[in-house]
Amino acid sequence: MATPPPSYADVVARIARAAQACGRDPAGVTLVAVSKQQPWEAVEPVVAAGHKVFGENRVQEAMARWEGRSQGLELHLIGPLQSNKAKEAVAFFDVIETLDRQKLARALAEQTQKQGRMPRLYVQVNTGEEPQKAGVVPAEADAFIAACRKDFGLTIEGLMCIPPVDEPPGPHFALLAKIAGRNGLSKLSMGMSDDFETAVRFGATSVRVGSALFGKRASA
Ligand SMILES: *Cc1c(COP(=O)(O)O)cnc(C)c1O
């Protein structure tokens, strides 16, 4: 296995330190390496170093990048999913982190039946109630999770959030953890390049890190 790039080794070490500092086992935090909009030259060394878990925000882009290379890897969809792309997403991804509405829940349930394959699912919560952001608002999260389970027969693994850029993330992470707790969910996908250590402190079981690993993205 190739020597990990310094930025990768650094992020892994920072996750471990953040976990240890609050008495958590570093193995309880999964690094989702966000490879969206990155050139393959930036991503390849992290694959070569043996990293297995990658995140992408667009279905087509992810398929183009990972088709034929995804053997043994775990691919997460972390961007909004249109229900008309549910078929491709169910066929391709191991984890879909952006379930946030009934129409999509129905489409995913249908595709599960048809394909006999179900990606692990996270419900995205719009903790900052930002109008431009995807996710179910906190007040509707319990009912939505219940509907996913009861009306659509879906197994929900955990919750995901993207806090507002201009606010301290801690309260948002705490809110996500609270909603998860009262719904019997133990997995929390939260924390990005600028705040993953804070997220670990608030109980993140996976952090989604892009630019700190691969450098600045080509476009927004
Ligand atoms: C792009 C993206 C990330 C990674 O962001 P960085 O700040 O580059 O670490 C994480 N989560 C989601 C949902 C994203 O779209």
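These notes cover the structure that comes with them. In this text, all values refer to a predicted model and were calculated from it rather than measured experimentally. (Residues numbered from 1 in each chain as written. Predicted model: local features only at pLDDT ≥ 70, side-chain atom pairs only at ≥ 80, totals over all residues. Heavy atoms only, no water.)

## Side note on the environment of Q38
Piece 1. The topology assignment puts Q38 in the loop between strand 1 (30-34) and helix 2 (40-48).
Piece 2. Distance from Q38 to T198, taken between C-alpha atoms, is 25 Å for residues 160 residues apart in sequence.
Piece 3. Apart from residues no more than four positions distant in its own chain, Q38 is found in contact with V43, R65, F214, G215, K216 and R217.
Piece 4. Engagement of the side chain of Q38 in a polar contact is seen with the backbone oxygen of G215, the distance being 3.0 Å. (Helix = DSSP H or I, 4+ residues; strand = E, 2+ residues; numbered from the N terminus. Contact = heavy atoms within 4.5 Å. Polar contact = N/O pair within 3.5 Å; in protein donor to acceptor, adjacent residues only side chain to side chain.)

## Re the site of the ligand
Piece 1. In the vicinity of the ligand, the contacting residues are V34, K36, I78, M160, I162, M192, S193, R208, V209, G210, S211 and R217.
Piece 2. One of the backbone N or O atoms of G210 is found 2.8 Å from an oxygen atom in the ligand.
Piece 3. The side chain of R217 places a nitrogen or oxygen atom 2.7 Å from an oxygen atom of the ligand.
Piece 4. Class assignment for the residues of the shell around the ligand results in 6 nonpolar, 3 polar and 3 charged. (Near = heavy atom within 4 Å. Nonpolar A, V, L, I, M, F, W, Y, C, P; charged D, E, K, R; others polar.)

## Some remarks on the state of the cysteines
Piece 1. With the rule as written, the count across this model stands at 0 disulfides.
Piece 2. In this structure C22 is not part of a disulfide, and its nearest cysteine sulfur, from C161, lies 17 Å away.
Piece 3. Unpaired in this structure, C148 has its nearest cysteine sulfur neighbour in C161, at a distance of 17 Å.
Piece 4. Of the residues examined, C148 reaches a relative accessible area of 0% and is grouped as buried. (Disulfide = S-S within 2.5 Å. Buried < 20%, exposed > 50% of the residue type's maximum accessible area, 1.4 Å probe, protein only.)

## Description of helix 6 (residues 138-150)
Piece 1. The end-to-end C-alpha separation of helix 6 is 19 Å, in line with the 18 Å expected for 13 residues at 1.5 Å each.
Piece 2. Looking at helix 6, one finds that the buried residues are P138, A141, F144, I145, A147 and C148. The arc that holds every buried residue of helix 6, seen down its axis, measures 160°, which confines them to one face. Projecting away from the buried face of helix 6 at angles above 90 degrees are the exposed residues A139, A143 and K150.
Piece 3. Here the buried face of helix 6 lies against strand 4 (95-99), helix 5 (102-115), strand 5 (120-124), strand 6 (156-160) and helix 7 (170-182). (Expected span 1.5 Å × (residues − 1). Arc of directions from axis to C-beta.)

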